[in-house]
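A closer look at the structure
Residues per chain are reported as follows:
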Amino acid sequence: MRIAIIGSGYVGLVSGACLADFGHEVTCIDKVHSKIDALRAGRMPIFEPGLEHLVERNVAAGQLTFSTELAKPASEADVVFIAVGTPSRRGDGHADLSYVYGAAREIAGALCGFTVVAIKSTVPVGTGDEVDRIIRSVNPAADFAVVSNPEFLREGAAIDDFKRPDRIVVGLAGDERARDAMAEVYRPLYLNKPPLIFTGRRTSELIKYAANAFLALKITFINEIADLCENVGANVQDVARGIGLDNRIGPKFLHAGPGYGGSCFPKDTSALVRTAQDSNAPLRLVETAVAVNDQRKRTIVRKVVSACGGNVRGKTIAILGLTFKPNTDDMREAPSLSIIQALIDLGAQVRAFDPEGMTQARTLLDSSVSYAEGPYECAEGAEALVIVTEWNQFRALDFGRLRRAMSSAVMVDLRNIYKREEILKHGFRYVNVGEGA
Ligand code: UGA
């Protein structure tokens, strides 16, 4: 099949490279010339494990091309995916749909022969209807169908998620030709037999938000249980295991930590809350999770301050991990951002290290933050070492070396990657999440 993907950001690029790898002929389009130039030269605009190799292979095979122009690839495509950003609109928390609607207008003028317009961007319920209306009004003669096809990719594991999905969701508005085309797009996956769910377009749009909101609830729930564990002398990791073995609950997304961040959960929960309020069906659980997750960063700062004896003024705090999770360079809504700012406001000197996030971090964090080349340089002269993101390279640190480098041996492990006994053996004071004394 011929496929055009509008938006070569995280979702568009990963989807495009994977669809090309399935044997489709794919053009990834983006208005930003520097991004397309970089991609043509084999440089990735984001860090995602395996992506560079996948792109290289499919470009070499002639399956994947890049373009700044939409008209030609869209006119030749069987399916045009919209994968542009839907950031939070400043002020009201709704999703900003201007890029989606702009793409729809441009696609409308280019359509030639029956074409499926598939919305991969995360969009509020009813956006498909509006895209349909826009295309129809710009080009009344166009033969097309708008479908919803949300993505469920996790940053850092996106290629695997695309190639081995738990399910594929396609929301239709009645056109059988669109159903056939979308079945054809995902046919190469049928070997692994992932459930392919065809549903109404509005339902599909809501599935995406409901999935992210549910996962955000799960994380927020275990974070509150972690606080309770600390106060009553219980252990959250054992609680998570004990409840997660119940198939109805499941073991995933029950890791307590500094609160969820990233480019999806914070924005999507807030947009869903707004949609629900506007539709007279407020989602009070999700509203509360948003507030609790926000509050969590303050709780975490108090934890760090208390680990440092109640005061961080004039002390150097070493932060390991800045990105919102490992295996990405994405700093959007990373818990590190507000934790570091709060520590600086309390008079601390912050030194940080992250394997991939430091370039972005430099543009976002206070200019007083200094950056280290690695975990041991980061710990030099520090009062406390705070693990904020669970990168693999922080999982087997040399504690003797750390102890010698630091001015005081305090470790705050916000991701519970270590066991208390092993850290105590090295003479550290160890503070983690959800382990009561
Ligand atoms: C999330 C969803 O997992 C994807 O299915 C979805 O496609 C994506 O959003 C999206 O809407 O595009 P992502 O934001 O990449 O993916 O990352 P997650 O692995 O879900 O982690 C999100 C946040 O939750 C991170 O800050 C992570 O540290 C935190 N988290 C996750 C926890 O604190 N505990 C957990 O048990 C799991």
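Conventions adopted
Residues numbered from 1 in each chain as written. Predicted model: local features only at pLDDT ≥ 70, side-chain atom pairs only at ≥ 80, totals over all residues. Helix = DSSP H or I, 4+ residues; strand = E, 2+ residues; numbered from the N terminus. Domains from an automatic or database assignment. Contact = placed C-beta atoms within 7 Å. Nonpolar A, V, L, I, M, F, W, Y, C, P; charged D, E, K, R; others polar. UniProt positions renumbered as here; feature names shortened; annotations may be inferred. Near = placed C-beta within 6 Å. Buried ≥ 20, exposed ≤ 12 C-beta atoms within 10 Å, placed from the backbone. Core = buried A, V, L, I, M, F, W, Y, C linked by C-beta atoms within 7 Å. pLDDT = per-residue confidence, 0-100. Pairing = 2+ DSSP bridges. Axes fitted to C-alpha atoms, helices over the stretch in contact; angles between N-to-C directions.

1. Looking at the environment of valine 169
- Along the chain, valine 169 turns up in strand S7 (residues 168-172).
- It is 35 Å that separates the C-alpha atoms of valine 169 and serine 338, two residues lying 169 residues apart in sequence.

2. Re the domain arrangement of the protein chain
- We note that the domain assignment places domain 1 (2-194) and domain 2 (233-437) within the protein chain.
- Counting residues at the interface gives 14 residues for domain 1, matched by 15 residues for domain 2.
- Residue composition of the side of domain 1 that touches domain 2, grouped by class: seven nonpolar, five polar and two charged.

3. Focus on the UniProt feature "domain: UDP-glucose/GDP-mannose dehydrogenase C-terminal" (unreviewed entry) in the protein chain
- Within the UniProt annotation, "domain: UDP-glucose/GDP-mannose dehydrogenase C-terminal" (unreviewed entry) is assigned to residues 318-420.
- Summarising residues 318-420: 30% helix, 17% strand, and an end-to-end C-alpha distance of 19 Å.

4. Structural notes on the site of the ligand
- Not every one of the 21 residues close to the ligand is listed here, only the nearest: Glu155, His255, Tyr260, Gly262 and Cys264.
- Broken down by secondary-structure element, the contributors of at least two residues to the shell around the ligand are helix H9 (201-232) and helix H11 (265-278).
- Residues that form the shell around the ligand fall into these classes: 10 nonpolar, six polar and five charged.
- Both domain 1 (2-194) and domain 2 (233-437) contribute no fewer than three residues apiece to the shell around the ligand.

5. Side note on the UniProt feature "binding site: substrate" (unreviewed entry) in the protein chain
- The UniProt entry lists Phe152, Leu153, Arg154, Glu155, Lys208, Phe253, Leu254, His255, Ala256, Gly257, Gly261 and Lys325 under the feature "binding site: substrate" (unreviewed entry), expressed in the numbering used here. In terms of the greatest pairwise C-alpha distance, the residues named above, spread along 174 residues, do not form a single cluster, extending to 23.8 Å across.
- Turning to its location among the elements, arginine 154 is positioned in the loop between strand S6 (144-148) and helix H7 (158-163).
- For arginine 154, a count of 14 C-beta atoms within 10 Å translates into the label partly exposed.

6. Regarding the nonpolar core
- Grouped together as the largest cluster of nonpolar side chains are 130 residues, with contacts concentrated most on Ile6, Ile107, Val304, Ile317 and Val386.
- When we break this core down by domain, the ones giving at least three residues each are domain 1 (2-194) and domain 2 (233-437).
- Sequence-distant contacts of isoleucine 6, defined by excluding residues within four places in its chain, comprise Ile29, Leu70, Val80, Phe81, Ile82, Ala83, Val84 and Ala103.

7. Description of the confidence of the model for the protein chain
- Counting all residues, the mean pLDDT for the protein chain is 96, and 100% of those residues have values of 70 or more.
- Interface confidence for the predicted complex, expressed as ipTM, amounts to 0.98; the pTM equals 0.95.

8. Examining the sheet that holds strand S12 (residues 384-387)
- Spatially, the six strands line up as an open sheet ordered S11-S10-S9-S12-S13-S14, and their pairing is parallel. The sheet terminates laterally at strand S11 (370-371) and strand S14 (429-431), the two strands that pair on one side only.
- Pairing of S12 with strand S13 (residues 410-413), which is carried by three bridges, proceeds in the parallel orientation. The residue of S13 that forms the bridge with leucine 385 is methionine 411.
- Packing against the sheet, helix H12 (residues 284-307) makes contact with strand S9 (316-320), S12, S13 and S14, and its axis sits at approximately 165° to S13.

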